[in-house]
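As a plain string of letters, each chain reads:
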Amino acid sequence: DNFVVTASEMVASSDLVEDVCSNDAGSGGGGGTSCGGSESVTSTPPTSPPEFEFAYEEYEAGQYIDAFFDGLQNDENSCVDESDECEDEAERGLCMTDPDKMKELGCDRSCLYCLTESSRELFSLGVEQITGQDDDEEICVDESVKECEEDARNGFCTINPDLMEEQGCFRSCLYCRTSDTHKDLFLRGVDETIKEVGERPSPRAVAEVMAKSERYFVNEVLVNESLGRYRLECRNNNPLCAFWAAQGYCESTPGEMGENCAAACRNCPLVDYDVRCPIDLSTNIFKPGDINAMFERLLEEAGHDVASFSKDNLPIGGNVSGIGEVTVITSPYHDPPRDHDEEENEEISPLPWVVSIDRFLSDEECDRFVKLGESKGYRKSRVGTDVAGVFKESKGRTSYNTFCEEGCVDDPIVKRVIERMTNLTGIPYDNYEGLQLVRYQPGQFYRRHHDESGIKKYSGPRILTIFLYLNTVLGGGGTRFEKLNYTATPKKGSALIWPSMLNSLEGRDEWTFHEALPVEEGFKYGANAWIRLRDLQNAIC
Ligand SMILES: O=C(O)CCC(=O)C(=O)O
Ligand SMILES: [Fe+2]
């Protein structure tokens, strides 16, 4: 790696303020500061608010960070607030949204208006620490050595890389390491926004995150070999990354934050999916063979001797107390429909268990779901994904849906149904996606699709679907499994259960593609319970 740091040049302190003051990079003091500054800085603090070139609410990170550090080391005596209101108003963001008023109130301290420039030193650490350049001496030069070095010391390699490149400050800014994309090393993604968003955190807390992130790059990412591979990807992809980080989301949702805000989280390795979402296969709820074992157990509970099942003694079904009236649609003992092999030449796996259960729900339970769905509000299936990146709109789905979340999942009647499903499958609700309540009106449908949805997810693939029919549809609306040559007719209270994965768990079961046929008359109400191989409810990714 090109970036080498000599031990004596490393700044090891973790305290922001102390770092500023212990950085003895220059001699002479900036006026009004209590610690060392560079010779090249002005010695009198500006008397007016900093001239930000940006809209009040949209500050470029570099500039505000300067202000932040400078403010930290302002002389306590010369940089004071003249009004008691200053702190509160500053917390509310008025330094940025109404600087005229804050200046008038005399809120120099709270607003960090009394700047010195000495803290710009911070931004030169990257340049000064990194030694052992092995660039081609011919091409890696500064066009104007004195100006480039000074601008680099003042932080412009990070604050305005375009300008520095234009000025030809290749050596001082380390832009000529290996290629011209090196400038990118110094970019942290989109500019972070400090503005009033809700109550907390304060703009000051957001600025602190930004400042720490800056230092993380300069002191760690750009000089630490183990972080080198993440340098270019470690970014903030959202202007609110620092805002979220200040709220503690890096800790509570490392998956999402790592994907979008690794820079603000000061955790570059999180850009790697496998780092931020380590998959623990030992928590798989099913092992190979368990899908079929689950259905066999159900048949046993219906009073059958599973060992006696064969092509000539096909499982049919029966009543299971506390569950309902089980009918076996297909099973591994059934022959594939005759026209199958002409259709595709994929390897033929045994037919999956597909089972329908009448009277799985009582009328009261069905009506309750419909009511809860209506009161939450069914909406047209939309583009977008949930936390797990699961639900995507497909053009082929014209129905309306909503999710059974707070106010529904805790409903006593709903809880009863959930318990019945967890008893049926032997899988805890942790592995279920929140029940999706669906409504179709005449003409609406859901084209042929498969419920399995990618196995690289932290929670694993969907292994099973239980579809609940909440009303008897007047016309149409069946659930069609074309390959199995089977169409389930919606009947109030019945459930249909099928696997998305092969019994071996080694891939999706190609037999269970299905579609919801158009409703022809009346409405169709239903509910999807999608069950995943691993915990989803408490998933971090
Ligand atoms: O409405 C149906 O019958 C099935 C719906 C379905 O397959 C789904 O929502 O994934
Ligand atoms: Fe489906």
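About the criteria used
- Residues numbered from 1 in each chain as written.
- Chains lettered and ligands numbered in written order.
- Predicted model: local features only at pLDDT ≥ 70, side-chain atom pairs only at ≥ 80, totals over all residues.
- Heavy atoms only, no water.
- Pairing = 2+ DSSP bridges.
- Helix = DSSP H or I, 4+ residues; strand = E, 2+ residues; numbered from the N terminus.
- Axes fitted to C-alpha atoms, helices over the stretch in contact; angles between N-to-C directions.
- Left-handed = near helix turned anticlockwise from the far one by under 90°.
- Contact = heavy atoms within 4.5 Å.
- Nonpolar A, V, L, I, M, F, W, Y, C, P; charged D, E, K, R; others polar.
- Salt bridge = Lys/Arg side-chain N within 4 Å of Asp/Glu carboxyl O.
- pLDDT = per-residue confidence, 0-100.
- Donors = N, O, S within 2.8 Å, 3.2 Å for Na, K, Ca; no water.
- Core = buried A, V, L, I, M, F, W, Y, C linked by side-chain atoms within 4.5 Å.
- Buried < 20%, exposed > 50% of the residue type's maximum accessible area, 1.4 Å probe, protein only.
- Near = heavy atom within 4 Å.
- Polar contact = N/O pair within 3.5 Å; in protein donor to acceptor, adjacent residues only side chain to side chain.
- Areas by Shrake-Rupley, 256 points an atom, 1.4 Å probe, with all protein chains shown as cover.
- Parallel < 35°, antiparallel > 145°, perpendicular 65-115°, else oblique.
- Phe/Tyr/Trp six-rings, centres within 6.5 Å; stacked < 30°, edge-to-face > 60°.
- Lys NZ or Arg CZ within 6 Å of the ring centre and 35° of its normal.
- Expected span 1.5 Å × (residues − 1).

### Overview of the sheet that holds strand 9 (residues 446–449)
No. 1: With antiparallel pairing, the 4 strands of this open sheet are ordered in space as 9-15-12-13. Edge strands, defined here as strands with exactly one partner in the open sheet, are strand 9 and strand 13 (486–488). The mean angle between the axes of side-by-side strands here comes to 15°, regardless of whether they run parallel or antiparallel.
No. 2: Note that strand 12 (residues 479–481) and strand 15 (residues 514–516) share 2 bridges and pair antiparallel. Bridge assignment links Thr-479 to a residue of strand 15, and that residue is Ala-516.

### Brief notes about the packing of helix 17 (residues 363–376) against helix 18 (residues 412–425)
No. 1: It is at 9 Å that the axes of helix 17 and helix 18 come closest, and there the two elements cross at 115°. By crossing handedness, the relation of helix 17 to helix 18 is classed as left-handed. For the pair helix 17 and helix 18, contact is made by Glu-364, Glu-365, Arg-368, Phe-369 and Leu-372 and by Ile-413, Val-414, Arg-416, Val-417 and Arg-420, respectively.
No. 2: Its residues placed into classes, the contact of helix 17 with helix 18 shows 5 nonpolar, no polar and 5 charged.

### What about the pattern of salt bridges?
No. 1: As enumerated under the stated definition, the model contains 17 salt bridges in all.
No. 2: A salt bridge links Asp-367 to Lys-492, with the nearest nitrogen and oxygen atoms 2.7 Å apart. In this pair, Asp-367 is assigned in helix 17 and Lys-492 in the loop between strand 13 and strand 14 (495–499), connecting sequence segments 125 residues apart.
No. 3: In this structure, Glu-374 engages Arg-439 in a salt bridge whose closest nitrogen and oxygen atoms are separated by 3.4 Å.

### A closer look at the confidence of the model for the protein
No. 1: The predicted model of the protein has a mean per-residue pLDDT of 75, with 67% of residues at 70 or higher.
No. 2: Confidence drops under a pLDDT of 50 for residues 1–76, and excluding neighbours within four residues, the segment shows 162 contacts in the predicted structure.
No. 3: pLDDT under 50 marks residues 383–390. Its contacts with residues more than four places away, or in other chains, come to 17 contacts.

### Brief notes about the coordination of the iron ion (ligand 2)
No. 1: Donor atoms from the polypeptide that bind the iron ion (ligand 2) are His-449 (NE2), Asp-451 (OD) and His-514 (NE2), placed at 2.1 to 2.3 Å.
No. 2: Each donor residue of the iron ion (ligand 2) belongs to the same chain, and together they define the spacing H-x1-D-x62-H. Here Asp-451 is found in the loop between strand 9 and strand 10 (462–469), whereas its partner His-514 is found in strand 15, with 63 residues between them in sequence.

### Looking at the nonpolar core
No. 1: Formed by 49 residues in total, the largest nonpolar core has its most connected members in Met-421 and Leu-468.
No. 2: When residues of this core are traced back to their parent elements, those giving at least two are helix 15 (290–301), strand 4 (324–330), strand 5 (354–358), helix 17, helix 18, strand 10, strand 14 and strand 17 (524–532).
No. 3: Grouped together as the second largest cluster of nonpolar side chains are 18 residues, Val-438, Phe-481, Ala-488 and Ala-516 included.

### Looking at the site of ligand 1
No. 1: In the region of ligand 1, the neighbouring residues are Arg-397, Tyr-440, Tyr-446, His-449, Asp-451, Phe-467, Thr-479, His-514, Ala-516, Lys-524, Asn-528 and Trp-530.
No. 2: One nitrogen or oxygen atom from the side chain of Asp-451 is found 3.3 Å from an oxygen atom belonging to ligand 1.
No. 3: Side-chain polar atom of Asn-528 to an oxygen atom of ligand 1: 2.7 Å apart, as the coordinates give it.
No. 4: Taking 290 Å² as the accessible area of ligand 1 by itself, protein coverage stands at 100%.
No. 5: Going through the elements one at a time, strand 9, strand 15 and strand 17 are the ones with two or more residues in the shell around ligand 1.
No. 6: Of all the elements, strand 17 adds the most residues to the shell around ligand 1, at 3 residues.
No. 7: The residue makeup of the shell around ligand 1, split by class, is 5 nonpolar, 4 polar and 3 charged.

### Focus on the packing of helix 15 against helix 18
No. 1: One way to put it is that helix 15 packs onto helix 18 with a least axis distance of 9 Å and a crossing angle of 105°. Here helix 18 runs roughly perpendicular to helix 15, going by the angle between their axes. Mapping the contact onto sequence places Met-294, Arg-297 and Leu-298 in helix 15 and Asn-423, Leu-424 and Thr-425 in helix 18.
No. 2: Within the contact of helix 15 with helix 18, the residues separate by chemical class into 3 nonpolar, 2 polar and 1 charged.

### Focus on the packing of aromatic side chains
Any pair of aromatic rings gets described here by the distance separating the centres and the angle formed by the planes.
No. 1: Overall, the coordinates contain 9 aromatic pairs when judged by the stated rule.
No. 2: Judged by centre distance (5.0 Å) and plane angle (80°), the ring pair of Phe-481 and Trp-498 falls under edge-to-face. Of this pair, Phe-481 sits in strand 12 while Trp-498 sits in strand 14, placing them 17 residues apart in sequence. Of the two residues, Phe-481 and Trp-498, both sit in the buried class.
No. 3: Relative to Tyr-525, the ring of Phe-523 has its centre 6.1 Å away and its plane inclined at 15°; by these criteria the two rings are stacked.
No. 4: You can call Phe-523 partly exposed: its relative accessible area is 37%.
No. 5: With a relative accessible area of 13%, Tyr-525 lands in the buried category.
No. 6: Taken together through their ring pairs, the aromatic side chains of Phe-295, Phe-309, Tyr-333 and Trp-353 make up a single cluster.
No. 7: In this structure, Arg-448 is placed above the aromatic ring of Phe-513, and the distance from its NZ or CZ to the ring centre is 4.2 Å.
No. 8: The lysine or arginine in question, Lys-524, covers the ring of Tyr-440, its NZ or CZ lying 4.4 Å from the ring centre.

### Description of the side chain of Ser-459
No. 1: Relative to the assigned elements, Ser-459 resides in the loop between strand 9 and strand 10.
No. 2: Separated by 2.8 Å, the side chain of Ser-459 and the backbone oxygen of Asp-535 make a polar contact.
No. 3: When residues no more than four places from it in sequence are discounted, the contact partners of Ser-459 are Arg-532, Leu-533, Arg-534, Asp-535, Leu-536 and Ala-539.

### Describing helix 18
No. 1: Helix length check: helix 18 (14 residues) gives 20 Å between terminal C-alpha atoms against 20 Å at 1.5 Å per residue, within 8%.
No. 2: Every buried residue belonging to helix 18 is among Ile-413, Val-414, Val-417, Ile-418, Arg-420, Met-421, Thr-422, Leu-424 and Thr-425, and all of these are buried.
No. 3: Looking at the buried side of helix 18, the elements it contacts are helix 15, strand 5, helix 17, strand 10, strand 14 and strand 17.
No. 4: The opening residue of helix 18 is Asp-411, an N-cap whose side-chain oxygen sits 2.9 Å from the backbone nitrogen of Ile-413.
No. 5: Within two residues after helix 18, Gly-426 carries a phi angle of roughly 75°, on the positive side.

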